[in-house]
Amino acid sequence: MNFDFVAPHYHWMEAIVFGHALQQARTYWIDRISRPERTLILGEGNGRFLCELLRVHPGIEVDCVDSSNTMLQLTRRRLLRTCPESFSHVHFFCEDVLKWSPQKSYDLLVTHFFLDCFPRNQLSSIVEKLANAATPNAAWLIADFTEPQTRFARVNAHLLLGLMYTFFGIAAGIAARELVDPFPYLKDNGFSRASVKLSEASLVRSDLYSLSQYEQNRRM
């Protein structure tokens with residue numbers, strides 16, 4: 001999976017199809033969580049979430065992992081423009097998450113519109129790998145697509161998601177061909193959904209996960 005080809009065009013494509021909905025989902029919990037000490041972001045894209053996170057929580061330590069070097073370059077440029085005082089606190093890794101493993105522990109994990117790029121057999125190992133890097137008090141933010149409850153909206157969502165998976169499968173080489181709910185995999189690794197915010201069209205959700213009390217106690 002590599003978004004180098006898509007990276008220069010991703011912002012305007014997102015704006016045309018979804019307006020501000022995806023960015024609102026990414027940033028919804030930023031000012032509602034405790035200030036993190038060390039954050040891990042996977043699949044950051046072009047840096048819009050990262051810069052907003054640093055605007056609210058300046059100077060925090062961040063590890064940013066992406067398989068697209070072009071996306072990381074765009075993120076660096078945006079960071080230097082908007083949050084230069086935090087630049088030295090952000091560390092960039094151009095890595096394939098399937099081959100990369102965290103070397104630190106984190107009290108904030110962020111996987112916005114990232115886990116939906118992987119099929120079930122890969123998603124299970126990715127979630128386990130990231131969960132093992134979480135501190136006992138860690139929060140996990142996940143903004144992603146979801147299937148609406150109403151029939152008409154669900155049909156439209158299936159059509160849109162089908163087009164998206166076809167396009168990004170060709171343009172970026174993502175392996176997933178359908179939307180997989182990550183909740184069972186997070187639950188298996190001790191995380192529970194603390195709260196959720198649905199978009200107006202109920203196509204995008206923003207979830208806040210935390211470790212269960214049992215898992216917190218086990219890790220202490």
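In what follows, the accompanying structure is described. The written sequence of each chain sets the order in which its residues are numbered from 1. Reporting of local features is limited, given that this is a predicted model, to residues whose pLDDT is at least 70; pairs of side-chain atoms are given and counted only at 80 or more, and all residues count toward the totals for whole chains, interfaces and linings. Neither water nor hydrogens contribute to the side-chain values; these are computed over all heavy atoms in the structure.

### A word on the pattern of salt bridges
A pairing counts as a salt bridge when a side-chain nitrogen of Lys or Arg comes within 4 Å of a carboxyl oxygen of Asp or Glu. All told, the structure shown has nine salt bridges when counted by the stated rule. For Arg 193, the salt bridge identified is with Asp 181, shortest N-O distance 4.0 Å. Taken together, the residues span a long stretch of sequence, with Arg 193 in strand β6 (residues 191–198) and Asp 181 in the loop between α6 (151–171) and α7 (183–188) at a distance of twelve residues. Overall, Arg 193 belongs to the partly exposed group, its relative accessible area being 29%. Each of Asp 181, Arg 193, Arg 205 and Asp 207 takes part in a single network of salt bridges with overlapping partners. Labels follow the DSSP assignment, with helices taken as runs of H or I lasting at least four residues and strands as runs of E lasting at least two, numbered in each case from the N terminus. Residue burial is assigned from relative accessible area. The probe radius is 1.4 Å, only protein chains are included, and a residue is buried under 20% of its type maximum, exposed over 50%, and partly exposed in between.

### A look at the side chain of Asp 116
Positionally, Asp 116 belongs in the loop between β4 (106–110) and α5 (120–131). By definition, residues are in contact when any of their heavy atoms lie within 4.5 Å. When near neighbours in sequence (up to four residues on either side) are disregarded, Asp 116 contacts Asp 144, Phe 145, Tyr 165, Ala 176 and Leu 179.

### Topic: the side chain of Asn 46
Positionally, Asn 46 belongs in the loop between β1 (38–42) and α3 (48–56). You can call Asn 46 buried: its relative accessible area is 10%. Among all residues touching Asn 46, those that are not within four sequence positions of it are His 11, Met 71, Leu 74, Thr 75 and Arg 78.

### Examining the environment of Met 1
Looking at the element boundaries, Met 1 is found in the segment before α1 (10–18). Residue Met 1 is classed as partly exposed on the basis of its relative accessible area, which comes to 33%. With sequence-adjacent residues up to four places away left out, Met 1 is seen in contact with Ser 67, Phe 114, Cys 117, Phe 118, Ala 172, Gly 173 and Ile 174.

### A word on the packing of aromatic side chains
Pairs were defined over the aromatic rings of Phe, Tyr and Trp, the Trp ring being its six-membered one, requiring ring centres within 6.5 Å. Orientation was assigned from the angle between planes: stacked under 30 degrees, edge-to-face over 60, tilted for the rest. Counted according to the given criterion, the structure contains ten aromatic pairs. Here Tyr 28 and Trp 29 contribute two aromatic rings whose centre-to-centre distance is 4.8 Å and whose plane-to-plane angle is 90 degrees, an arrangement assigned as edge-to-face. Residue Tyr 28 is classed as partly exposed on the basis of its relative accessible area, which comes to 23%. Residues Trp 140 and Phe 191 carry aromatic rings whose centres are separated by 5.1 Å and whose planes lie at 85 degrees to one another, so their mutual orientation is edge-to-face.

### Structural notes on the sheet that holds β4
A pair of strands is labelled paired if DSSP reports no fewer than 2 bridges between them. One open sheet holds the seven strands; their spatial order is β3-β2-β1-β4-β5-β7-β6, and the pairing between them is mixed. The open sheet has two free edges, formed respectively by β3 (90–94) and β6, since each of these has just one partner strand. Each strand axis lies, on average, 15 degrees off the axis of its neighbour in the sheet, ignoring direction. In this structure, strand β5 (residues 134–145) lies alongside strand β7 (residues 204–211), joined through seven bridges in antiparallel fashion. Its bridge partner being in β7, Ala 139 is matched across the sheet by Ser 210. In this analysis, axes come from line fits to C-alpha atoms, helices being fitted only over the stretch in contact, and the angle between any two N-to-C directions falls in the range 0 to 180 degrees.

### Overview of the packing of α3 against helix α4 (residues 69–82)
Put simply, α3 and α4 touch, their axes get as near as 9 Å, and they point 30 degrees apart. When the axes of α3 and α4 are compared, the pair comes out roughly parallel. The chirality of how α3 crosses α4 is right-handed. Contacts from Arg 48, Leu 50, Cys 51 and Leu 54 in α3 reach Thr 75, Arg 78, Leu 79 and Thr 82 in α4. Each residue is assigned to one class: nonpolar for Ala, Val, Leu, Ile, Met, Phe, Trp, Tyr, Cys and Pro, charged for Asp, Glu, Lys and Arg, and polar for all the others, Gly among them. Partitioning the contact of α3 with α4 into residue classes produces four nonpolar, two polar and two charged. Should an angle fall under 35 degrees it is called roughly parallel, over 145 degrees roughly antiparallel, and 65 to 115 degrees roughly perpendicular, with every other angle called oblique. Left-handed describes a crossing whose near helix is turned anticlockwise from the far helix through less than a right angle; right-handed describes the clockwise counterpart.

Shape is all these values report; function is a separate question.
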